[in-house]
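What follows is the residue order along each chain.
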Amino acid sequence: MTLEDFTEFSGDDDADGRADEVDSAADGGSAADADDAPGDAARADASAGGSGSDARGDAEDDFTAYDATPAGSDAGLGVVSVSQGLRVAEEEEETSLKAFVTTGNRESVRLGKYLLIPYPDGERLFCRITGLEYAQEFQSDDATEIHARRQMRRDDFAERDYKFVADLEPMSVVYGAGDDMKRRMTDRVPKPGAVVEEAADDAEIKTGLKIPDDGVFLGHLSVGGEKVRTAAEPPTVDYRVKDDYADGDPLAFRHTLVAGGTGSGKTHASKNVLRQYLDSDRTYPMGDGRESRMAVVQFDPQDEYAQMHDDNPDLDDAFARRLEREGIAHGGHDDTVALVPRVANATYPGEGHRAERVEFTIPFSLADDMPWLVAGSGLNDNQYPALLTLLNRFFDDYGDSGTYSQFLSYLDDPALKEELHESGRVHEATFDAVKRRVRGVPSGVFDQDAKPITELDHTLVRPGGLSVVPTYHLPTSRQKEIVVLAVAGLLVDDKLSNDPSSDRIKETPLLVGMDEAHNFLADADNVQAQKVVQKFTEAAKQGRKERLGLFLITQDPQDVAESVFKQVNTKIVLNLGDEDAISSVNIPTNLAGKVPYMEKGQMVVYSPDNSEPVELIGLSECVTRHD
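Residues numbered from 1 in each chain as written. Predicted model: local features only at pLDDT ≥ 70, side-chain atom pairs only at ≥ 80, totals over all residues. Heavy atoms only, no water.

Novice: Any chance you could explain the overall build of the protein chain here in plain terms?
Specialist: For the protein chain, the count of helices and strands is 19 helices and 23 strands. At a minimum sequence separation of 6, the contacts of the protein chain that also span at least 24 residues come to 73%. Only carbon and sulfur atoms are counted for the fraction: they give 44% of the accessible area of the protein chain, which is about 31,500 Å². (Helix = DSSP H or I, 4+ residues; strand = E, 2+ residues; numbered from the N terminus. Contact = heavy atoms within 4.5 Å. Areas by Shrake-Rupley, 256 points an atom, 1.4 Å probe, with all protein chains shown as cover.)

Written out as structure tokens, the structure reads:
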């Protein structure tokens, strides 16, 4: 070969030539062309370190496959990341704790999920997910036409092209094991790369959230509407409210508010809670050393709570066994009495239950201790003292047997009006104003043909008994108001008094349930509302000492007087659609945002003296009858 044999090199020409050779062989080219192919392969193999003959022999055999098992296995959801900051601080906004979530775990991660991060010495950081985000794995621009169209033609999503990062909120440090497990405030930062695991142990979750093991059952812990599952049996995490004196007072006597809109399941939930307080095994120590069961008095505007006397026909045996395993009281409560207010021209049907019925009337004598019963909403601060003067004179003359009808006749006496006016005690114009207000009280609500409620204290308050006061059959809202406030006021007065009219009421643990509480405990400018709120505010303050609890149920929590509302420790919030209502219950913002979207039976519980704020799912079935 001479120098002249070399021509100018062209990459394209060389590529074209090889392409032509391949095409020729594919089209049935010459034998010489075909024979050259094995030679080329042999020379390629030889150049890789083997002889041509060995290469040709190996080419005839497939590569041998070997089974390979990766060393170890993945544990947890991901690892603590330091790339975007790793810091715990006393101020929440200064804390930066993030976890990288591996691709296989990303679909199962949800906001609010509870996690554990181990420390090297065996302690665990208990935290929850507060934010989720995708971040770029590589420096690239995915906001381009080419990238968008490529993704639009694909059916899958390349998880590995992105980082998936969870923001975590430290809640507590959990340490110890078994019955000795405890919690403390977060005071340590986890190590970078520490494995992040889903909290799946019942004891660790309860310890991390400060949920007591024993108490009154409210529901099962949930996140995003799904129950938290553990490896235990049952797999759910029960949420209970403290009900003994081991760590302070039972929270029943620190008061409860159930708030929920129409159709949210608040009556269903309330029945389930009240049934737990009536359990035969639940007792409370009294000042004289006795153990006494709770008495419950429930004011019922829709005639639903007397149904608690009856079993729920839809509660099957399997569900009942599950309730028994979890220590949840269920079944109709035999000791249920419907105390029916007798009012003129009103008949109580009572067709929805089989509970015993006892009629009663409101004696006018209660106005001696509760003058606001006849004050009405129109009486102002100047007229109220005049009403007190008139009532005092009347009861001095007639005693406790004085009736409402007699009081009206008493006010018709012109000599009385003149005497009070001339003495300067009650101006004649004020006298007339008071007279008009008293006559505005609906007729037929006082002194009817039934036993006075003041003589039924042993029926009204029974240890372990449920007394339901229905008001659905009463024609006017004013009549309902007088009945509820008279009976509730009687209970509160005897509970708070050092010289009670009824020792039974004074010496029995008592839970007063008030549905549509916003109708009776609202803030207002008139004297009647002020006196009522003052009485129940005092009752709420003294409840812990006197073993008196308020159980308020409402769809308008924003209308309950603030002074009463501030005394409530446990708030059970179901679905509410009104922003003012949600704002008024004053629950953490992360949970408040979920309230409008909660399904029937889902609830948020905010009870600072019991646990961290949590989301729950109540029982799907009512433990008593609920139509």
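Novice: Just checking my understanding: could you explain the side chain of Thr236 for this structure?
Specialist: Note that Thr236 resides in the loop between β9 (226-227) and β10 (238-241). Classification of Thr236 as buried rests on a relative accessible area of 9%. (Buried < 20%, exposed > 50% of the residue type's maximum accessible area, 1.4 Å probe, protein only.)

Novice: Before we go on, may I ask you to explain the packing of aromatic side chains in this structure?
Specialist: Inspection of the entire model under this criterion finds 15 aromatic pairs. On the numbers, 5.6 Å between centres and 20° between planes, the contact of Tyr114 with Phe126 is stacked. With Tyr114 in strand β3 (residues 114-118) and Phe126 in strand β4 (residues 124-136), the pair connects residues that are 12 residues apart, well separated along the chain. Through a chain of ring-to-ring contacts, the aromatic side chains of Phe364, Phe394, Phe395, Tyr398, Tyr404, Phe407, Tyr410 and Phe446 assemble into a single cluster. (Phe/Tyr/Trp six-rings, centres within 6.5 Å; stacked < 30°, edge-to-face > 60°.)

Novice: What's the story with the pattern of salt bridges in this structure? I'm lost.
Specialist: A side chain of one charge can pair with a side chain of the opposite charge when the charged atoms of the two come close. The full count for this structure, using the stated rule, is 30 salt bridges. Glu123 is the salt-bridge partner of Arg188, the closest N and O atoms lying 2.7 Å from each other. With a gap of 65 residues between them, Arg188 in the loop between β6 (182-184) and β7 (195-198) and Glu123 in the loop between β3 and β4 connect regions that are remote in the sequence. The class of Arg188 is partly exposed, set by a relative accessible area of 25%. (Salt bridge = Lys/Arg side-chain N within 4 Å of Asp/Glu carboxyl O.)

Novice: What is the right way to read the confidence of the model for the protein chain from this model?
Specialist: Mean pLDDT over the protein chain stands at 88; residues scoring 70 or higher make up 88%. Contacts for the low-pLDDT stretch residues 1-59, under 50 throughout, to residues beyond four places or in other chains number 12 contacts. (pLDDT = per-residue confidence, 0-100.)

Novice: So what exactly am I meant to see when it comes to the environment of Arg254 here?
Specialist: Position of Arg254 relative to the elements: it lies in the loop between β10 and β11 (256-259). Relative accessible area serves as the criterion here: at 17%, Arg254 is assigned to the buried category. Separated by 290 residues in the primary sequence, Arg254 and Arg544 place their C-alpha atoms 6.2 Å from one another. Excluding its chain neighbours within four sequence positions, the residues that come into contact with Arg254 are Arg544, Gln567, Val568, Asn569 and Asp609. Separated by 2.6 Å, the side chains of Arg254 and Asp609 make a polar contact. (Polar contact = N/O pair within 3.5 Å; in protein donor to acceptor, adjacent residues only side chain to side chain.)

Novice: Even after reading the chapter, I still don't get helix α7 (residues 317-325), so can you show me in this structure?
Specialist: Every α-helical turn comprises 3.6 residues, leaving residues that sit three or four positions apart pointing alike. Among the residues of α7, Phe319, Ala320 and Leu323 are the ones counted as buried. Down the axis of α7, the buried set is contained in an arc of 100°. They therefore lie on one face. Those residues of α7 that are exposed and aimed more than 90 degrees away from the buried face are Asp317, Glu324 and Arg325. Where α7 terminates, the next one or two residues include Gly327, which has phi positive at roughly 70°. (Arc of directions from axis to C-beta.)

Novice: Where do I start with helix α16 (residues 527-546) in this structure?
Specialist: If you check α16, its first and last C-alpha atoms are 27 Å apart, about what 20 residues at 1.5 Å a residue would give, namely 28 Å. For α16, every residue scored as buried is listed here: Val527, Gln528, Ala529, Val532, Val533, Lys535, Phe536, Thr537, Ala539, Ala540, Gly543 and Glu546. Next to the buried residues of α16 lie α9 (383-398), α14 (477-496), α15 (503-506), β19 (510-515), β20 (548-554) and α17 (562-565). Positive backbone phi, approximately 60°, marks Arg547, located one or two places after α16. (Expected span 1.5 Å × (residues − 1).)

Novice: Just checking my understanding: could you explain the nonpolar core for this structure?
Specialist: Nonpolar side chains in soluble globular proteins generally cluster together in the buried interior. With 90 residues, the main nonpolar core has Phe364 and Phe536 as its most contacted residues. Per-element accounting of this core gives the leading share, 10 residues, to α14. When near neighbours in sequence (up to four residues on either side) are disregarded, Phe364 contacts Val374, Leu391, Phe394, Phe395, Gly402, Thr403, Tyr404, Phe407, Phe446 and Asp447. Ranked by size, the runner-up nonpolar core spans 47 residues in total, among them Val258, Val273, Tyr284 and Leu511. (Core = buried A, V, L, I, M, F, W, Y, C linked by side-chain atoms within 4.5 Å.)

Novice: Teacher, can you tell me more about the pairing of β4 here?
Specialist: Within a regular strand, side chains alternate between the sheet's two faces. Alignment of β3 against β4, held across five bridges, turns out to be antiparallel. Residue pairing for β4: Pro118 is matched across the bridge by Arg124. Taken together, β3 and the strand that follows it, β4, pair antiparallel across an intervening segment of five residues, in which Gly122 is found at a positive phi of about 100°. (Pairing = 2+ DSSP bridges.)

Novice: Just checking my understanding: could you explain the packing of α9 against helix α11 (residues 414-422) for this structure?
Specialist: Angle between the axes and distance between the axes: these two values describe a pair of packed helices. Put simply, α9 and α11 touch, their axes get as near as 13 Å, and they point 125° apart. Taken as axis vectors, α9 and α11 run oblique relative to one another. Between α9 and α11 lies a crossing whose hand is right-handed. Across the interface between the two elements, Thr389, Leu390 and Arg393 of α9 pack against Leu416, Glu419 and Leu420 of α11. Partitioning the contact of α9 with α11 into residue classes produces three nonpolar, one polar and two charged. (Axes fitted to C-alpha atoms, helices over the stretch in contact; angles between N-to-C directions. Parallel < 35°, antiparallel > 145°, perpendicular 65-115°, else oblique. Left-handed = near helix turned anticlockwise from the far one by under 90°. Nonpolar A, V, L, I, M, F, W, Y, C, P; charged D, E, K, R; others polar.)

Novice: Got a minute to help me understand a negative patch on the surface in this structure?
Specialist: On the surface, a cluster of negative charge is made up of Asp179, Asp180, Asp213, Asp214, Asp244 and Asp247. Mapped onto the elements of the fold, Asp214 is located in the loop between α5 (202-209) and β8 (216-223). (Patch = residues over 30% accessible without salt bridge, like charges linked within 9 Å, V, L, I, M, F, W, Y side chains within 5 Å. Lys, Arg positive; Asp, Glu negative; His and termini not counted. Charge placed at Lys NZ, Arg CZ, Asp CG, Glu CD.)

Novice: Quick question: what am I supposed to make of the environment of Ala581 here?
Specialist: The topology assignment puts Ala581 in helix α18 (residues 579-584). Residue classification places Ala581 among the buried positions, given a relative accessible area of 0%. Every residue in contact with Ala581, bar those within four places of it in the chain, is listed here: Pro557, Gln558 and Leu576.

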